[in-house]
Each structure stands twice: as C-alpha cells, then as structure tokens.
Amino acid sequence: MKANCWYGKKDMRVENVPDPKILNAHDCIVRITSTAICGSDLHLYNGFNPAMQPGDIVGHEFMGEVVEVGKSVQKLKVGDRVTVPFPISCGSCLSCQRNLFSVCENSNPNAAMAEELWGHSPAGLFGYSHLLGGYPGGQAEYARVPYADVGPLKIPSELDDEQVLFLTDILPTGYMAAEQCDIQRGDTVAVWGCGPVGQFAILSAFLLGAERVIGIDRFEYRLRMARETCKAETLNYAENDVHHALMEMTGGRGPDAVIDASGMESHGLGLAGAYDRAKQAMMLETDRAVALRQAIMAVRNGGVVSVPGVYAGFIDKFPMGSVMNRSLTIKTGQTHVQRYHHHLLERIQKGEIDPTFIITHRLRLDEAPHAYQVFNDKQDECMKVVLKP
Amino acid sequence: MATQEARHARGPDRRQQPRSWDDGGHRGNGQAGDERLSRALGWFSIGLGLAELTAPNAVARLIGIPEDDSNRRMLRAFGMRELANGVGILAQPRESGWMWARVGGDLMDLAFLGNNLRSDEAQPNRIAAAAAAVAGVTALDVLCGQRMGQDGGEAQGTGANRLWSRHIDVRQTVAINRKPEEIYSFWRDFRNLPQFMSHLERVDVQDDRRSHWVAKAPAGRTVEWDAEVTEDQPNQRLCWRSLERADVDNSGEVRFERAPGDRGTILRVEMRYTPPGGIFGAIGAKLFGEEPQMQVRDDLRRLKQVLETGEVTVAEGSMAITHPAQAWAPHTQPAHTQPADSGR
Ligand SMILES: NC(=O)c1ccc[n+]([C@@H]2O[C@H](COP(=O)([O-])OP(=O)(O)OC[C@H]3O[C@@H](n4cnc5c(N)ncnc54)[C@H](O)[C@@H]3O)[C@@H](O)[C@H]2O)c1
Ligand SMILES: [Zn+2]
Ligand SMILES: [Zn+2]
C-alpha cells in the first residue's frame, strides 16, 4: 500500500510499504477513505521528536471502512464505516475505566521509554513516534487498529467523510479545551492560536456558554475565520502587545479562562522569542512556551489555563509563582477522544456543528509531502488539509 | 504501572526494534546525522565514564557534591555504567539498544534536541556544551536515586555493591486492575508464565509443587532447572526456588496485595538469580545484555496487559521485544519500503 513516511526534518515521502496485518485478536484493519494533517504532525515534520525513525508512517486523523476483524472483535464487522480516535486505548485499565483514554496504561508497547521521560507512560498514539508506541499512522491506504471494540466510532451512511473526519482528533480537542475551562455564563475566554484546534476551541467555548471569546494569532486569514465564522473577537499579536490589549478588553481583570492552542512551537516576537529560540538551539530547553507563559500571566485570578497545545519535554521560565499565588488551575492532556466523539457526532447529526468550514485543501495522498509544506508554511491561506488515499 | 528499584545500563538485547523499516539501501539522509549523534554520545559516555572512574573528586567538585567516600564510590560505579554504554554505542552505532540506554535516562532531553544535529548546521561543540550541562544533572540524579534508596532503609546496596554482587536481585511491582484471586490462579499455574516472561520458553508442571523450567540464554542456548514451590498462601503469597543441579540457581516470591479503594491488586515480585561463574558471571550478565530489572519490569507490564486486556500489546514499529506467544511471525513485520510506483 501507499503511505506517507517520515524521513527526517521536513522530509516526508510517500512510499510503497507492506499492508498492515491483524496482529492481535482485538485488532481490525481499516481501508482509509479520508485522512488529515494535524498541527501535531508539524511538530514531527519540524524534527521536534527524537523517537521518530526514518520510514515511520505518520498520520493520526483517519477514517474509513473496516475490511478485516480479529477473532475477538465483537462490536465491529467488515463493511462498517468508522472514524478512528488518535489515542489507542484498551478500555479495561483503570485510566480507560475513568474515561481517561489518552493515558491508557496498556497501549504503549514502549512504555519504558516514556516512563524515563515523563515518569509514567500515556497511551500509544497512531503515527506519533516510538515514544508513543511505534504504531504506523493513518496517512496511508490501510491501517491496523488495535482494540477495535474500544476506539472506532460507527458512522451512519448519510454523513459524508468531511463532516465526521475531525471527530478523530481536532473537534474533540477543541471541545475538551473549552470544557476544561469550566465556563460559567458570561465568561470571557482567550485562545492563543487560531489554527484548526483554536477554531474548534472558540466554537466550543461559545457552545458551552462563553459570552466573549478572543482569538489570538498573527495570520490575518486565520483571524478572519475566527472572526467571521466562529464569531470571536480577534487580536493580532504581531501588531499588539497581547497582555496590554487583553487587559484593556477585560477592564484589567483578565479573561476568565485561557486556552493555549499553539503548543511547543509557539512563535515569539522580541526578547521572549529570541530567548526561547536560543535556548532551543543550545539544547537547553526542548519546548518553546511563549504563548503558554503569556496565557498564564493574562488569565484572571483564580482562572483556568487549558492547554490542548502539545508539549514534549521541558520549558524554562515557567511562571509557577503566578500560578500559585493567583490560585490558577492548569488542565491539559492529549484528548480523550472516546469520551467526546459520541456526543459530538450527535451534534453533527443534528446540524449544531458543521466542522467542514476549516477545510481549505483537498489533495491526494501522493501529494502529502507538498501538503505538509503548504500547511507548515501557512501558504495559500492553508487551514486544514484533507488527503484522499 | 511497573516501577523499578534502581536504574542502570541496559544491554544490547533490550529494546531492539525491528530493523526492517529502514533496512538496506533506503536510508534517508538522516542516517549520517544519526551516526554522528551516536558517536558523539558514545564518546561522551566514555569521556564522562573515564573521568568518573579515574577522577571522581574532580567530577564531584565540578557538579558540586561532597567529595566523600560514598560519593566517590557512587561516581565510580556510575563511570562503569557510562563506559559500558559508551562502548556499546561506539561498537554498534546502529544498535539502538545502547543508544536508548544512554538516551533513555537523563539524556532524553538532549536527544530531543539532538534531532537538530541531523540538519546540516550541526555543530559538534554545541553538542559538547549541552552534553556537559546534562552531565551534572545525570550524576546528581544517580546520587539522588541512591540517597532515596538508603533513606528507605532497604538493603539493596549501592550501585557499586550491586555491580559486584554474586547474585542478581530483582524487585518489581505493578498495579493490575484485577482481583488478587484472579491473578494468583493465573500465576499459580506456572504454565502461564511464558505468556508474559519473555526469557522463558516453557514451564512443565510435574505435580502440585514441582515444575520444570526452560529459559532462553544468550547465543541461542537454553538453560533448564527443576523448581519447587516453597510457600503457597493462596491469593496472598507464592514462593518457589530451583532445586539442586539447576543451570542457574534462582528463587522467587510474589505477593498479591489488594489495592486500596478496590482498585485491583498490587503485585510485588522478588527474584534472585545466581548466574554460573560467580561474581564475574553476574557482572557479565549485566554488561552484556541481560538486564534483569528491566526484563522483569517489562514482564510485569505484559502480565498486566494479558490480565486486563487479554493480549500483549504490540505495534509494528515497536522497540519492545515481541513475545513468542504473540501471533507476530517475523514475516508479518513490515519489510523495507520500496519506491511508490505500484499500488496495493
Ligand atoms: N491535545 C491534543 O490532543 C491535541 C490534538 C490536536 C492538536 N494538538 C495541538 O494543538 C496545537 C494546535 O494545533 P493546530 O492543528 O491548530 O496547529 P496549527 O499549527 O495550524 O496552529 C497553531 C497556531 O498557533 C499560532 N501561534 C504560534 N505562536 C503563537 C503565539 N505566540 N500566540 C498566538 N498564536 C500563536 C500559529 O500562528 C498557528 O496559527 C498544536 O500544538 C497541536 O500539536 C493537540
Ligand atoms: Zn492531532
Ligand atoms: Zn486502557
């Protein structure tokens, strides 16, 4: 089959690889009909994960048709159409039983490696390095899906791929980011990053009762979408002092909750940005945290800092004093997709959410390397790429 | 989740990933960079190891710890570990087992950034600068680990003692979301052990107390022994030991504790191996492949998987050793990639 493989920093190649096979009795094989590129994939593309190996198949936002099931699979059958959550979860450990699917205790076969870095291992993820299991990803024609009775969500035939594809990751991610904010009527929420996750976080914040949502980015076309489609107020951080502007907008109190939807590659201007880039280059810090620091400093006393943005290692100059003295709450995590996707599917069916508005590029799987470049460099007003195998 | 008592070097057998993903002539341009990184880390390990072995005082001063006897001993032991790692990396630059031994510990952070080394702008002196920065942390980490071990009052010995001991002692624990009764009866039927103990080929049960064990040994050989149950408190505690004329003297104890809040069972395992060849056998086993702590920790992780999910978790690109009990025949591993011209 064809698959998009990582070969190094900014080096993706579509290659022919052997088809996946059922390895365990609870596995199924999915023939992929649509797959997307995520902002998280850009962290791999830009070489921020050392546990990638040349030839690794990437991609974790995919859906398709079940073409084979292992002998212990009960809920799925050949021919079912499914979306596949990006965390791989066993469904029977303590974490899974508590709906903390992305920290499943059993699904990372390389748990020892993750334990060294993080103390404990989270769940394995599709196409997201050997640190998280070494599972081949879904930017391919076929994928093996472990624990097939736990992850995949059956999709009714009247919905088309584009309406449901983002149930695999970014729609639940934006939703969980907003849910973590514990939004009360009348709240103001500020969102750093108006990429796909940021857009869905804005949308979800309104759904959950926020009165004002402020989207922050530097790309005008992304801010425009936040403004026009998602009804947020916007702030261009290249043109404004973000902290100052937010204080102005909130009477000096600060937003009730803040969402960092930009992650470890957040971009900084001026001294703070230079500081992080230098430290990263000197290998004294792994993750840049410009947006996160800014968000912490801006949120009101007693507010919530919700972090869907991905971090991998260590950051410097973490304002713990601000967190502690001002009674802040930090909530974060890879999304527990299985906790949200039923509910969000219902909302899509009822027409309350239509996630298709973020799709700007529809390309063939063959064009994946080009698509990465366009998405990464924000060319051609790219917001979200969907690939067709 | 499995925890381990102390961390030290892992041998080359551990964490080998199927190499098939980038077999043969299809190496990306990351390859040269990979090797450069491997070598740099290898030499760094050796440099640090030698410094710690020969000049522990200077190293201690450098990282700001008291130059007392126990610290000197610790630094020397640490130096041995570094040396073993370094030699391993340099001897087999493509064998990621050693790399991960290096990286898996405190250098993970460095490795994250190490990816930058793949690019053309790689500057070796930067590697050295960052490596030096990490070195102090690494040593401190070992020191802390040792201190904590001592505070616990457990007679596990220092790194140095462990290295020179005639026995290999392993203590591991894991929390399993199943009742003690269920885990006990699974374990009590020794024939089940090879399902999760990767070094066991099979166990034949002879009667209620006696069994015959066959285990894999380095270089494709096997070792065998008869064992007997020495204590059996159903659902609580089970002990066994090998009988006379065993190839490898060993004994084990497993305790099944109900976890608080009805959250399954906390399983505690203690095993002791006395490899043939006495002290040198024990050292050899540690330096050349067998890493009992890691092995048992991984075994318990697999036990948890089997009992909670009914299967051992595998991924095609997993670096974890796959288990013979798994239906993962070598031919199902992805072979090397070819250029994308033909379809499925
Ligand atoms: N938690 C999860 O499970 C999960 C799931 C999917 C994505 N993510 C993460 O969410 C983040 C966003 O994903 P995406 O797909 O929207 O990616 P994206 O790269 O398209 O969007 C990131 C946006 O952040 C903006 N940004 C950068 N620096 C900023 C700053 N200092 N202030 C404000 N905005 C800034 C960028 O301009 C960009 O528009 C990534 O880190 C991704 O890894 C997490
Ligand atoms: Zn994602
Ligand atoms: Zn689980």
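Residues numbered from 1 in each chain as written. Chains lettered and ligands numbered in written order. Predicted model: local features only at pLDDT ≥ 70, side-chain atom pairs only at ≥ 80, totals over all residues. Heavy atoms only, no water.

K.L.:
Is there a simple way to explain the coordination of the zinc ion (ligand 3) in this structure?
P.N.:
Geometry sets the ideal angles at a metal, namely 109.5 degrees for four tetrahedral donors and 90 or 180 degrees for six octahedral donors. Residue and element names in this part refer to chain A. Protein coordination at the zinc ion (ligand 3): the donors are Cys90 (SG), Cys93 (SG), Cys96 (SG) and Cys104 (SG), at 2.3 to 2.5 Å from the metal. Taken together, the four donor atoms surrounding the zinc ion (ligand 3) define angles of 101 to 119° at the centre, an arrangement classified as tetrahedral. Mapping the donors of the zinc ion (ligand 3) onto the primary sequence gives the spacing C-x2-C-x2-C-x7-C. An identical accessibility class is assigned to Cys93 and Cys96; each is buried. (Donors = N, O, S within 2.8 Å, 3.2 Å for Na, K, Ca; no water. Tetrahedral: all angles 85-135°; square planar, octahedral: opposite > 155°, others 65-115°. Buried < 20%, exposed > 50% of the residue type's maximum accessible area, 1.4 Å probe, protein only.)

K.L.:
Help me understand the coordination of the zinc ion (ligand 2), please; the structure alone is not making it clear to me.
P.N.:
All names here are of chain A. Taken together, the protein ligands of the zinc ion (ligand 2) are Cys38 (SG), His60 (NE2) and Asp169 (OD), with distances of 1.8 to 2.3 Å. Mapped onto the sequence, the residues coordinating the zinc ion (ligand 2) show the spacing C-x21-H-x108-D. Here Asp169 lies in the loop between helix 4 (161–164) and helix 5 (170–179) and His60 lies in the loop between strand 4 (56–57) and strand 5 (61–69), a separation of 109 residues in the sequence. (Helix = DSSP H or I, 4+ residues; strand = E, 2+ residues; numbered from the N terminus.)

K.L.:
Explanation requested: the confidence of the model for chain B in the structure shown.
P.N.:
All names here are of chain B. When pLDDT is averaged along chain B, the result is 64; 40% of the residues meet or exceed 70. Within the model, the stretch residues 1–34 combines pLDDT values under 50 with 114 contacts to residues more than four positions away or in other chains. In the model, residues 92–131 has pLDDT below 50 throughout and makes 105 contacts with residues more than four positions away in sequence or in other chains. Two summary scores accompany this predicted model of the complex, namely pTM at 0.78 and ipTM at 0.91. (pLDDT = per-residue confidence, 0-100. Contact = heavy atoms within 4.5 Å.)

K.L.:
Would you explain the site of ligand 1 in this entry?
P.N.:
All names here are of chain A. Around ligand 1, 33 residues are found, and the nearest of them are Ser40, Asp217, Arg222, His267 and Pro308. One nitrogen or oxygen atom from the main chain of Pro308 is found 2.8 Å from a nitrogen atom belonging to ligand 1. In the complex, 96% of the free accessible area of ligand 1, which totals 860 Å², lies under the protein chains. If you list the elements that add at least two residues to the shell around ligand 1, you get helix 1 (39–45), helix 6 (196–207) and strand 12 (212–217). Looking at the shell around ligand 1 element by element, the count peaks at four residues for helix 1. Mapping the shell around ligand 1 onto the domain boundaries places at least three of its residues in each of domain 1 (2–169 + 335–388) and domain 2 (171–332). (Near = heavy atom within 4 Å. Polar contact = N/O pair within 3.5 Å; in protein donor to acceptor, adjacent residues only side chain to side chain. Areas by Shrake-Rupley, 256 points an atom, 1.4 Å probe, with all protein chains shown as cover. Domains from an automatic or database assignment.)

K.L.:
Would you mind going over a nonpolar patch on the surface with me for this structure?
P.N.:
Residues and elements named next belong to chain A. A cluster of nonpolar side chains, namely Phe318, Met320, Met324 and Ile330, defines an oily patch on the protein surface of about 380 Å² accessible area. Mapped onto the elements of the fold, Met324 is located in helix 11 (residues 320–325). In this structure Met324 comes out as exposed when scored by relative accessible area, which is 56%. (Patch = residues over 30% accessible without salt bridge, like charges linked within 9 Å, V, L, I, M, F, W, Y side chains within 5 Å. Salt bridge = Lys/Arg side-chain N within 4 Å of Asp/Glu carboxyl O.)

K.L.:
Looking at this structure, how should I read unusual backbone geometry?
P.N.:
Excluding glycine, most residues fall at negative phi; most peptide bonds, likewise, are trans. Residues and elements named next belong to chain A. Despite not being glycine, Ser129 shows a phi value in the positive range, around 80°. Position of Ser129 relative to the elements: it lies in the loop between strand 8 (124–125) and strand 9 (142–145). One non-glycine residue with positive phi stands out, namely Tyr147, at about 45°.

K.L.:
Would you take a moment to explain helix 5 of chain A for this structure?
P.N.:
Each full turn of the α-helix corresponds to 3.6 residues, which orients residues three or four apart in the same direction. Of all ten residues making up helix 5 of chain A, nine are buried, and the element is well covered by its neighbours. Three or more residues of helix 5 of chain A are buried, namely Ile170(A), Leu171(A), Pro172(A), Thr173(A), Gly174(A), Tyr175(A), Met176(A), Ala177(A) and Ala178(A).

K.L.:
Would you mind showing me how to read a negative patch on the surface here?
P.N.:
A cluster of acidic side chains, namely Glu201(B), Glu224(B), Asp226(B) and Asp247(B), defines a negative patch on the protein surface. Given a relative accessible area of 39%, Asp247(B) falls into the partly exposed group. (Lys, Arg positive; Asp, Glu negative; His and termini not counted. Charge placed at Lys NZ, Arg CZ, Asp CG, Glu CD.)

K.L.:
Can you help me understand the pattern of salt bridges in this one?
P.N.:
Where side chains of opposite charge bring their charged atoms close, a pairing between them can arise. Residue and element names in this part refer to chain B. By the definition in use, this model includes 37 salt bridges over all chains. Where Asp208 meets Arg188, a salt bridge forms, and the shortest distance between an N and an O atom there is 3.5 Å. Taken together, the residues span a long stretch of sequence, with Asp208 in the loop between strand 3 (200–205) and strand 4 (210–216) and Arg188 in helix 8 (residues 180–188) at a distance of 20 residues. Linked by salt bridges that have partners in common, Glu231, Arg237, Glu253, Arg255 and Glu270 make up one network.

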